[in-house]
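For reference, the chains in residue letters:
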Amino acid sequence: MNNCFCILLSRNLSLPKIMKFDTSGLESTASVFGTAGSELVDGFSAAPAFELPTTTDFDGFQKEAVQMVKPAKGTTTLAFIFKDGVIVAADSRASMGGYISSQSVKKIIEINPYMLGTMAGGAADCQFWHRNLGIKCRLHELTNKRRISVTGASKLLANILFSYRGMGLSVGTMIAGWDETGPGLYYVDSEGGRLKGTRFSVGSGSPYAYGVLDSGYRADMSIEEAAELGRRAIYHATFRDGASGGVASVYYVGPDGWKKLSGDDVSELHYKYYPVVSTEAPEPDRMVEA
Amino acid sequence: MVGKNCFAIASDRRLGVNLQTVATDFQRIFKIHDKLFVGLSGLGSDAQTLYQRLVFRHKLYQLREERDMKPETFASLVSAILYEKRFGPYFCQPVIAGLGNDDKPFICTMDFIGAKELAKDFVVAGSASESLYGACEALFKPDMEPDELSEVVSQALLASVDRDCLSGWGGHIYIVTPDEVREKILKGRMD
């Protein structure tokens, strides 16, 4: 209550201009504290006062700054919960700009025998922090004599990533596992975001994977059907997205831990789903002479 | 790539916008006349427009001279057309291949403002061009027969585009000898 009262009062004062743009529309308290009337701010810890850069185009500058720190996540990974557990699937291509540096990268990282993490963004970042998370989970098991929950593990990772926010880490990962409460799936990223959900896809190929995943999803699928859905979604993403490709791996996480179900080369999947019919060669779009 | 009294010209089939693939049957190699082919890599719309311009100029030439253009002449024509747009260029790298007098193979490539680069063995263009240089250099032999040439060109093309995110999704190859033109669609990785 006190807060609101003070803010209302302070707005009526003519403030010395510590900011370089009009703050009347904002409800942030940052602009109020500082050099305004001292009797009003006694007892409040000052909110962090931001110094803003002197540019003509503030929004453009902000966008540029964000883009600089955000390397593109060229990959496709997905995970979804269904009645029997969690399916986790990913492609295996690593690209450096336009060059394909590897077609056989392991993007599904085994944190411990009942938890998996996916890799999207910086490979080194993901590998290191997942391993680090594995260590912390094991320590938790030893100190508390029980396994850590997926909720707890994802929270540990999210807090670590939040503390490195803005330093250029690029991690877009999903933590999938099975604990006492059943299947669990969390999305955690290097901006510090952590979301609980039933269906996620991360990476540059994720829009394509979402299309297939969302239209084919049913909660009551069998394990084989769910695996096939994951495989198909990854295949379609590798077809459309230039930065995804290689091998589509599918893992299943159940009550007894994770199990790798398949690792199919997406090229072979293409010719399996769309076999070449041996008639005359398909007519490409011919340039028609006007 | 040049063989013994023949040549092969090949391209991938992808049309994309940055990382998204829009089509997998895009035609990039065009016939000017039976012994002259041009491949245009780069911006899709510029490739099509440039092709239409070149066909138009060639038809005029045919009407005036009552014969087909020699590949060397055609290369000079392409170079001039590209340089005309020096300060607002077509974003295309052409690869020209043809059989000249006495069915001697002629190949050349250009940058997007028309700098001709003649070669006796092979020429490459596109986003995977560095890979292609390596693959062609490794696999090329002088005086190959058409069958061996088509095999070499297919292998070089598929190997190179498999290392490039922005190329691939199949291949298209024309093998041209003095008697016939063979067209093949290659089955490649679709990722």
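For the structure itself, look to the data block above.
Here's a quick rundown of the structure. (Residues numbered from 1 in each chain as written. Chains lettered and ligands numbered in written order. Predicted model: local features only at pLDDT ≥ 70, side-chain atom pairs only at ≥ 80, totals over all residues. Heavy atoms only, no water.)

Another aspect to go through is the interface of chain A and chain B. Contact with chain A, which involves 33 residues of that partner, is made by 28 residues of chain B. Overall, the association of chain A and chain B removes approximately 2,500 Å² of surface from exposure, summing both partners, and the carbon and sulfur fraction of that is 48%. Inspection of the chain A/chain B interface yields two salt bridges. The partner of Asp-191 of chain B in a salt bridge is Arg-93 of chain A, and the shortest N-O contact between them spans 3.2 Å. Counting across the chain A and chain B interface gives 14 residue pairs in polar contact (both at pLDDT 80 or more). Breaking the side of chain A that touches chain B down by element, the ones donating at least two residues are β4 (99–102), α7 (223–240) and α8 (266–273) of chain A. Classifying every residue of the side of chain A that touches chain B gives twelve nonpolar, 14 polar and seven charged. (Contact = heavy atoms within 4.5 Å. Buried area = accessible area lost by both parts, 1.4 Å probe. Salt bridge = Lys/Arg side-chain N within 4 Å of Asp/Glu carboxyl O. Polar contact = N/O pair within 3.5 Å; in protein donor to acceptor, adjacent residues only side chain to side chain. Helix = DSSP H or I, 4+ residues; strand = E, 2+ residues; numbered from the N terminus. Nonpolar A, V, L, I, M, F, W, Y, C, P; charged D, E, K, R; others polar.)

Let's shift gears to unusual backbone geometry. Phi is positive for Lys-145 of chain A, which is not a glycine, with a value near 55°. Of note, Lys-145 of chain A is situated in the loop between α4 (123–144) and α5 (150–163). Looking at Lys-145 of chain A, the relative accessible area reads 78%, which means it is exposed. Look at Trp-169 of chain B: it is not a glycine, yet its phi comes out positive at around 60°. Within the fold, Trp-169 of chain B resides in the loop between α4 (146–161) and β9 (171–176). Taking the relative accessible area as the measure of exposure, Trp-169 of chain B reaches 1% and is therefore buried. (Buried < 20%, exposed > 50% of the residue type's maximum accessible area, 1.4 Å probe, protein only.)

Further remarks concern empty space enclosed by the protein. A water-sized probe, rolled over the atoms, reveals where empty space remains. Across all of its chains, the model carries two cavities of 30 Å³ or more by this definition. Quantified by volume, the largest cavity comes out at close to 50 Å³. Residue lining of the largest cavity: Arg-93 and Ile-100 of chain A together with Val-161, Asp-162, Asp-164, Cys-165, Ser-167, Gly-168, Trp-169, Arg-189 and Asp-191 of chain B, and that is the complete set. When its residues are assigned to classes, the lining of the largest cavity shows four nonpolar, two polar and five charged. (1 Å grid on protein atoms, 1.4 Å probe; cavity = no way out; pocket = protein on both sides within 12 Å on 5 of 7 lines; lining within 4 Å. Points joined across faces, edges and corners; volume = space filled by probe spheres on them.)

Tracing the sequence through the fold places Thr-238 of chain A in helix α7. Residues Thr-238 of chain A and Ser-92 of chain A, spaced 146 residues apart in sequence, show a C-alpha to C-alpha distance of 9.7 Å. Here Thr-238 of chain A is in contact with Asp-91, Ser-244, Gly-245 and Val-266 of chain A together with Trp-169, Met-190 and Asp-191 of chain B, once residues within four sequence places are set aside. There is a polar contact of 2.6 Å between the side chain of Thr-238 of chain A and the backbone oxygen of Tyr-235 of chain A.

Residues and elements named next belong to chain B. By the criterion of burial, β9 is predominantly enclosed, with six of the six residues buried. The alternating pattern of β9 places Gly-171, Ile-173 and Ile-175 on one face and His-172, Tyr-174 and Val-176 on the opposite face, and all of these are buried. Across six bridges, the pairing between strand β1 (residues 7–12) and β9 is antiparallel. Across the sheet, residue Asp-12 finds its bridge partner in β9, namely Gly-171. (Pairing = 2+ DSSP bridges.)

Let's shift gears to the environment of Ala-158 of chain A. Residues and elements named next belong to chain A. Along the polypeptide, Ala-158 turns up in helix α5. C-alpha separation for the pair Ala-158 and Leu-169, spaced eleven residues apart in sequence, amounts to 12 Å. Leaving out residues up to four positions away in the same chain, Ala-158 has contacts with Val-188 and Arg-194.

So, on to the layout of surface pockets. All names here are of chain B. Considered as a void within the structure, the largest pocket measures approximately 850 Å³ in volume. What lines the largest pocket is a set of 41 residues, among which Asp-12, Arg-28, Ser-41, Ala-125 and Gly-126 lie closest to the centre. When residues in the lining of the largest pocket are grouped by element, the largest group, five residues, is from β1.

So yeah, pure geometry; function would need other evidence.
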